[in-house]
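# Coordinate analysis (summary)
Residue-level listing of the chains:
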Amino acid sequence: MASSARMLPEAILNGCRLKGISVIGTGDILHPVWREMWEKTSVPVDMIAVPTTEVEGADRVHHLILLPDYDAARDLADALIPFSKNVEKNGRPQVKLQGEDIARRVHDLGGMIGPAHAFTPWTSLYASHNSVASCYGDEQIDLLELGLSADSGYGSRIADLAGVPFLTNSDAHSPEPAKLGREFTRIETNSNHPDTMAVLDAVKAGTIVMNAGFFPEEGKYNRTACTRCFTPYSLSEAEEHKWKCPIDKGRIKKGVRDRAEELSSGPETQRPPYLHIIPLAEIIQRTLGTCSPTTKKCSDLYQRCLVAFGDEISILTETPIDDIREFHLELGDAVSAFREGRIVLHPGGGGQYGTFSLG
Ligand SMILES: [Zn+2]
């Protein structure tokens, strides 16, 4: 667990309260010590902690796994131990099994599985495979996590993914609300008192109301570009130059957007609305023009926002813009620009991060 020492279940749940998250994945749930900590945690009645983990399978594909309860997590750990050296040591264990063999074991335990950060140029389904079946064989995937490098648009014309719910989640390494839920998924359950099973059922049924996350263009491998001088190239130009930059002979690396495009052969499928957003603390930082979102000036304004409007996600998604403008004019303008997509993007590529400015 390469995480902050403050990253404890109670602190995570407190951070979720401020952020406005009511369903959280535990992460790392195959790890015995972490699992025991969660089992001993009393989760507030209006919050749900879903036992989750990532696992690295054959070909370095990362899988996201959701489990119905802690017993299933224990059973899955036992089932994977013969194929792994670090199930009990590493939060994201490496397992010498194909996706199909991992998925079968997860399904036998009533869990759900799908590719984690599926479009990341390394350690992902589409980094190593051209199709879902090539990794998962006859086993169905129950979800696909888009990850920081993609939004719904990247998967909406991939015929393989028709009917597969897209999740936008992010793993947190410290419990501050600015680091929790950098990406989030809003789901609708058919229960008045939802529990873990209701969450799993909602994901399975695809009753997702909204995905929210970063601009894929911010990623450092969004566009096909030279890894030395970062000059962008189209796919055909890159092929013509045999993936070698004509300017400085640097290597041209295929971008996530072009990778998604070459997998996209089907018609566009309808997906829930996707809100491109960054954490409120970072919006405040941009608004105040300070060097970091953790300065006293920023955290003071952040705290005042929470007092005025409740939790962070409400402010990002639904607090009336006029109310935010009345509270702080520039902040209201900035939140409005995100909600309406008035953002100017400068895509990354070749290892250089992209940037954006408010339009
Ligand atoms: Zn170059």
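From a predicted model like this one, the values you see are computed outputs, not experimental measurements.

### Examining the overall build of the chain
Helix and strand counts for the chain come out as 15 helices and 14 strands. Its C-alpha atoms give the chain a radius of gyration of 21 Å, within 12% of the compact-globule value 21 Å for 359 residues. Taken along its principal axes, the extent of the C-alpha atoms in the chain is 60 × 60 × 40 Å. Pairs at least 24 apart in sequence give 65% of the contacts found in the chain among residues at least 6 apart. Accessible surface for the chain amounts to roughly 16,500 Å². Of this, 50% is attributable to carbon and sulfur atoms.

### Description of the layout of surface pockets
The calculated volume of the second largest pocket comes to roughly 260 Å³. Contributing to the lining of the second largest pocket are Ser174, Glu176, Pro177, Ala178, Lys179, Ala281, Glu282, Pro293, Thr294, Ser299, Tyr302 and Gln303. Broken down by element, the lining of the second largest pocket gets its largest block of residues, three residues, from helix H12 (residues 296-309). When the residues that make up the lining of the second largest pocket are grouped by side-chain class, the tally is five nonpolar, four polar and three charged.

### Topic: the coordination of the zinc ion
Note on the zinc ion: its protein donors are Cys226 (SG), Cys229 (SG), Cys245 (SG), Asp248 (OD) and Asp248 (OD). The metal-donor distances range over 2.2 to 2.8 Å. Mapped onto the sequence, the residues coordinating the zinc ion show the spacing C-x2-C-x15-C-x2-D. Residue classification places Cys245 among the buried positions, given a relative accessible area of 1%.

### Things to note about helix H11 (residues 280-288)
Those residues of H11 that sit buried are Leu280, Ala281, Ile283, Ile284 and Gln285. Buried residues along H11 sit against H12, helix H13 (312-317) and helix H15 (329-340). Looking one or two residues past H11, Gly289 carries a phi angle of roughly 70°, positive in sign.

### Observations regarding helix H8 (residues 196-205)
Given 3.6 residues per turn, any residue in an α-helix points the same way as the ones three and four places further on. All buried positions along H8 are accounted for by Thr196, Ala198, Val199, Leu200, Ala202 and Val203. Elements that come into contact with the buried residues of H8 comprise strand E1 (23-25), strand E2 (48-50), strand E4 (62-66), strand E5 (112-115), strand E7 (166-167) and strand E8 (184-187). Where H8 terminates, the next one or two residues include Gly206, which has phi positive at roughly 70°.

### Some words on the sheet that holds strand E9 (residues 208-213)
Whether parallel or antiparallel, the strands of a sheet pair through hydrogen bonds between backbone atoms. Here three strands make up an open sheet; going across it, the order is E8-E9-E12 and the pairing mixed. Taken across any chain shown, the strands that pair with only one partner, and hence form the sheet edges, are E8 and strand E12 (274-276). For this sheet, the mean angle separating the axes of adjacent strands, direction not counted, is 15°. Bridge count between E9 and E12: three bridges; the pairing is parallel. Across the sheet, the residue bridging to Gly213 is His276, located in E12.

### A look at a negative patch on the surface
A cluster of acidic side chains, namely Asp69, Asp75, Asp78 and Glu88, defines a negative patch on the protein surface. Note that Glu88 resides in the loop between helix H3 (70-80) and helix H4 (99-108).

### Re unusual backbone geometry
Phi angles above zero are rare outside glycine, and Phe230 is one such case at about 65°. Inspection of the secondary structure assignment puts Phe230 in the loop between strand E10 (225-226) and helix H9 (235-240). Here Phe230 falls in the partly exposed class, since its relative accessible area comes to 30%. For Trp243, which is not a glycine, the phi torsion comes out positive at approximately 60°. Along the chain, the position of Trp243 falls in the loop between H9 and strand E11 (252-253).

### Observations regarding the packing of aromatic side chains
A complete count under the given rule lists eight aromatic pairs for this structure. Taking 6.4 Å as the distance between ring centres and 70° as the angle between the ring planes, the aromatic pair formed by Phe119 and Tyr154 counts as edge-to-face. Pair noted here: Phe119 is in the loop between E5 and helix H5 (125-128) and Tyr154 is in helix H7 (residues 152-155), with a separation of 35 residues, a long-range link. Each ring, one from Phe215 and one from Phe356, has its centre 5.1 Å from the other, and the planes form 45°; the classification is tilted. Remark: Phe356 occurs in strand E14 (residues 355-358) and Phe215 occurs in the loop between E9 and E10; sequence separation between them is 141 residues. On the accessibility criterion, Phe356 (6% relative accessible area) is buried. Note that Arg271 overlies the ring of Phe166, its terminal NZ or CZ placed 3.6 Å from the centroid. In this structure, Arg286 is placed above the aromatic ring of Phe356, and the distance from its NZ or CZ to the ring centre is 4.0 Å.

### What about the nonpolar core?
Within the largest apolar cluster, 80 residues are counted, with the highest numbers of intra-cluster contacts made by Phe119, Tyr126 and Leu144. The element contributing the most residues to this core is H3, with six residues.

Reading the values: rules and limits
- Residues numbered from 1 in each chain as written.
- Predicted model: local features only at pLDDT ≥ 70, side-chain atom pairs only at ≥ 80, totals over all residues.
- Heavy atoms only, no water.
- Helix = DSSP H or I, 4+ residues; strand = E, 2+ residues; numbered from the N terminus.
- Rg over C-alpha atoms; globule rule 2.2 N^0.38 Å.
- Contact = heavy atoms within 4.5 Å.
- Areas by Shrake-Rupley, 256 points an atom, 1.4 Å probe, with all protein chains shown as cover.
- 1 Å grid on protein atoms, 1.4 Å probe; cavity = no way out; pocket = protein on both sides within 12 Å on 5 of 7 lines; lining within 4 Å.
- Points joined across faces, edges and corners; volume = space filled by probe spheres on them.
- Nonpolar A, V, L, I, M, F, W, Y, C, P; charged D, E, K, R; others polar.
- Donors = N, O, S within 2.8 Å, 3.2 Å for Na, K, Ca; no water.
- Buried < 20%, exposed > 50% of the residue type's maximum accessible area, 1.4 Å probe, protein only.
- Pairing = 2+ DSSP bridges.
- Axes fitted to C-alpha atoms, helices over the stretch in contact; angles between N-to-C directions.
- Patch = residues over 30% accessible without salt bridge, like charges linked within 9 Å, V, L, I, M, F, W, Y side chains within 5 Å.
- Salt bridge = Lys/Arg side-chain N within 4 Å of Asp/Glu carboxyl O.
- Lys, Arg positive; Asp, Glu negative; His and termini not counted.
- Charge placed at Lys NZ, Arg CZ, Asp CG, Glu CD.
- Phe/Tyr/Trp six-rings, centres within 6.5 Å; stacked < 30°, edge-to-face > 60°.
- Lys NZ or Arg CZ within 6 Å of the ring centre and 35° of its normal.
- Core = buried A, V, L, I, M, F, W, Y, C linked by side-chain atoms within 4.5 Å.

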